[in-house]
Structures are given as C-alpha cells and as structure tokens.
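Examining the three-dimensional arrangement
Here is how the chains run, residue by residue.
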Amino acid sequence: MREGVIKLAYGKAEVSVTLPVDNLEIVKPKKVNLAQSQKELVLQAINNPINSPPLKEVVRKGEKVCILVNDITRLTKSETFLPVLLEELNQIGVADNKISILFTNGLHRRMTKEEHRLIVGNDIAGKVKMYDHSARESKCLYVGKTSFGNKVYLNKMILEADRIIMTGGIILHHAAGYGGGRKAILPGVAKESSIYYNHRLIFEGNMAKPGVLNGNPLHEDALEACKFVKPDFLLNIVPDHEGNIAQAFAGHFHFAHKRGCELVDDLYKVKIQEQANLVIASCGGFPNDIDLRQSKKSLYNASFAVKRGGTIIFLAECSKGFTREGESFFEWATKYKTTDAIKEALLNNFQLGGCQVYRIREVLDRAQVHILTEIPDNIIKEIGLIPIVSLQAV
C-alpha cells in the first residue's frame, strides 16, 4: 500500500501525518501565481474602482475620514494595504490627524496596543488615532430598521465622520455566506442588540450558510444596515492559500464586495467526487484556530464533505481556549446536548455562545469528531468531541 506524508497547519506550526494515498482526495484552495507585488494589487484596485468614482473624487481635501479595519481574529493583510490607502488619502489632501481607524470588533473583546500594532503595522500605528468598537460599551446611535425588523444602532464615530471607508478580507463564512463587505458595519460597528438580532436570523429558512448571498437573511439584513449609512468606499482583499493578497477589490460597498465573492468561489469552492467516510481538516492555522469559537467555522465547512455517520479528524490548536470573548460557550455546550434543545433555547433567549455551540451540534448530528487541540480533554469530552494526542493515534 502506497503512503504519503501530508502536512497540515496547526496554530503557528504544522502537523504531519502519514496516510495511504489510494482513495485519498486532497481538497485545498487553488494556488495563485502573482505577477504583481502586494502594493501594486492594492493600487490597481483603488485606481480601478467598481461601480464607484475614484477615491480622489469621493474624498475631499480636509475631510474627516474613518477607516473600518478588522480585528486580530481576521487575516486581511491590513498591514500591507493600509499604508497604500493612507498615502492615497494624504495625496488627496487628508492629513493624518483627520484620519481615524475604528476596529470592527463586533462582539469581540477590545484589543491590546500590541495587537493594534500587529494589525496595522508599525508605520501606521504611530501616524493615526485608533479606536476599538465595543458592541456593549461604545456610544451607538439608531440609524433605521431593516425589513427583517432589526433596529440598527451603529457606532457614533462613523456617523460623525465625513467619509467612511470599509476594509477587510473576503472568505467563506459559515452563516453570512462570505466575510468582508457589509460585515464591517453589521456586526463590525453595531450595538449588541443589533448583532444578536442579525445572528438570530440563522434560523430563518436554510440559506444562512457558506457561499450563499441571495436569500441569505444574515447577509441581506447586514446589507440593509449598510445602506442606512451609505459607506463611501470599500477596499477588500481576497487572501490566497498562503494568506497573501490574491486580489484586491475597491469601490461600491456592495458591488465591489460581490465581485470579490466571485473570486472566492473560484479559489475556495471545490467540487468533490463524493462524500467521504473520513475527513481530515485543518483551520489553516493561526488566527483561524485561535479558539474554538473561530475554529468551529472550519469544522462546519468540513462537515459538508463527510458522509452521514462518518468521521472527521479536526485540527484546531485553540490557544485561547473556547473563546476569547468571555461568552458562555461551555455552559451552553454542557446544558443543551442536542441541536433541537439549543435551537429552542436560542429562540427564547439568543446568546452568541449558544449560537457557536449550535453549529458544532449540527456537525455532531452528522459525524463523529476527533479533535487535536490544546483544550483539556475533560472539557472537550463534555462537548461531545473526542480528544486525540496525534493524528496517527486515531
């Protein structure tokens, strides 16, 4: 029997496993051969906006600009594109003291100064003011009610700016279809109640899933929230298989984002010959597996490839445990043992910790899950997952 060594990302390292190569299908993103530098890709996008005037016609000299930037849980290469964006704004006549960065933390915790610097890079960290959005503590103002009934409250800072520039990265998202775009507004800089209402829409129909926009209530609700404030410009990147910028997209907050989603489909959606009895999956390493809250997105995606009653071997280091955000993740996991029980509880009292567990329960309804992780074994077993010490041990 022929065997081969497969390497999978785990935290900031790699884990190797020897597998029989017969009947082995390796599913991974397409490789991107870049002919341009990362800076050139960003400049090309800014200078060729989609369904939007050029940045120099959108922003005027002396205006106050608020740039929305992802937090530490997202790999968006903001340290690469922000210097380019700020240089463009400076050339327009917007001084550094007129530019502020608001981190789109949503319900995530506030970050440290070191994390700020890691996200934006050393040069930017010393040039402009930076602020953390807090869904629970930041001053938020009412901007409108969506057709889904969501009363949308957004951070006062973006409403006081002359111009709003959205940034971020576009990847597949387990509930909103895709990351990036409108998510910088909701949940990015929204009030806790608005975020909870949006996330609760996961139970509206069956379209809140990866790679779906049309008919996806989370996406459509967030898009309506965006339209209340009409962000002035968007700069989103699509990461390649190594986390670098495969392509950048700029322009209108909806149409430029939609174009980026099309590239994500091409790079990351993979047709498989048939569902397998055994699936081995990695999150892609840090920060995607920083905690189980983030890691469960990759687990959910992997579950589409396994046969009902099959087995998933899952790699998720989870250096920060269940969640960095202080949510009642473990309490929900131990109190509600079935998908139906969690769903009923969430419909009565929606909490994000319960929503995270709900996705894991959906996977466990389909397959047995063995997990390589730093979370203690006794806690993992309480959730219904099976801890392993190595990939070869299964």
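So, here's what we can say about the structure.

Here's the deal with the overall build of the protein
A count of helical and extended segments in the protein gives 14 helices and 16 strands. Computed over the C-alpha atoms, the radius of gyration of the protein is 21 Å, within 12% of the 21 Å expected from 2.2 N^0.38 for a compact globule of 394 residues. Seen through its principal axes, the protein has C-alpha atoms that stretch 65 × 50 × 40 Å. In the protein, which comprises 394 residues, the proportion classed as buried is 54%. Within the protein, contacts between residues at least 6 apart in sequence are counted, and of these 71% link residues at least 24 apart. Counting every atom, the protein has about 17800 Å² of accessible surface; 47% of that belongs to carbon and sulfur. The distance from the centre of the 51 positive side-chain charges to the centre of the 44 negative ones in the protein is 4 Å.

Examining the sheet that holds strand E14 (residues 306-315)
Taking strand neighbours across the sheet as the criterion, the four strands line up as E13-E14-E15-E16 in an open arrangement whose pairing is parallel. Looking at the sheet topology across the chains shown, the edges are occupied by strand E13 (276-282) and strand E16 (386-387). Its contacts with the sheet place helix H10 (residues 292-302) against E13, E14 and strand E15 (367-372), and it is angled at close to 140 degrees to E14.

Some details on the packing of aromatic side chains
By the definition in use, this model includes five aromatic pairs. An angle of 55 degrees between the planes, with centres 5.3 Å apart, marks the rings of Tyr-142 and Tyr-153 as tilted. Here Tyr-142 is found in strand E6 (residues 140-145), whereas its partner Tyr-153 is found in strand E7 (residues 151-155), with eleven residues between them in sequence. You can call Tyr-142 partly exposed: its relative accessible area is 46%. Summarising the aromatic geometry, the rings of Tyr-300 and Phe-304 are spaced 5.3 Å apart at their centres and angled 80 degrees between planes, so their arrangement reads as edge-to-face. The exposure class of Tyr-300 is buried, given its relative accessible area of 9%. Over the face of the ring belonging to Phe-286 we find Lys-12, whose NZ or CZ atom lies 4.7 Å from the ring centre.

Observations concerning the pattern of salt bridges
On inspection of all chains with the given rule, the structure shows 13 salt bridges. Notably, a salt bridge pairs Glu-160 with Lys-156, separated by 3.5 Å at the nearest N-O pair. Highlighted residues: Glu-160 and Lys-156, both in helix H6 (residues 156-160), separated by four residues, approximately one helical turn. Here Lys-156 falls in the partly exposed class, since its relative accessible area comes to 33%. By sharing partners, the salt bridges in this structure join Glu-63, Arg-163 and Asp-232 into a single network.

Details of helix H12 (residues 339-348)
Considered for burial, the residues of H12 that qualify are Thr-339, Ile-342, Ala-345 and Leu-346. Down the axis of H12, the buried set is contained in an arc of 135 degrees. They therefore lie on one face. Pointing more than 90 degrees away from the buried face of H12 are the exposed residues Asp-340, Glu-344 and Asn-348. Here the buried face of H12 lies against helix H7 (192-200), helix H11 (329-335) and helix H13 (352-366).

Here we look at the sheet that holds strand E12 (residues 245-251)
Pairing is mixed across the open sheet formed by six strands, whose spatial order is E5-E4-E3-E8-E11-E12. Each of the sheet's edge strands pairs with one partner strand only, and the pair in question is strand E5 (129-132) and E12. Strand-to-strand twist across the sheet, computed as the mean angle between neighbouring axes with direction ignored, equals 20 degrees. Each of strand E11 (233-239) and E12 touches helix H1 (residues 38-47); the most contacted strand, E12, lies at about 20 degrees to it. In the packing of helix H4 (residues 113-120) onto the sheet, the strands contacted are strand E3 (65-69), strand E4 (99-103) and E5, and the crossing angle to E4 comes to about 110 degrees.

Conventions adopted
Residues numbered from 1 in each chain as written. Predicted model: local features only at pLDDT ≥ 70, side-chain atom pairs only at ≥ 80, totals over all residues. Heavy atoms only, no water. Helix = DSSP H or I, 4+ residues; strand = E, 2+ residues; numbered from the N terminus. Rg over C-alpha atoms; globule rule 2.2 N^0.38 Å. Buried < 20%, exposed > 50% of the residue type's maximum accessible area, 1.4 Å probe, protein only. Contact = heavy atoms within 4.5 Å. Areas by Shrake-Rupley, 256 points an atom, 1.4 Å probe, with all protein chains shown as cover. Lys, Arg positive; Asp, Glu negative; His and termini not counted. Charge placed at Lys NZ, Arg CZ, Asp CG, Glu CD. Pairing = 2+ DSSP bridges. Axes fitted to C-alpha atoms, helices over the stretch in contact; angles between N-to-C directions. Phe/Tyr/Trp six-rings, centres within 6.5 Å; stacked < 30°, edge-to-face > 60°. Lys NZ or Arg CZ within 6 Å of the ring centre and 35° of its normal. Salt bridge = Lys/Arg side-chain N within 4 Å of Asp/Glu carboxyl O. Arc of directions from axis to C-beta.

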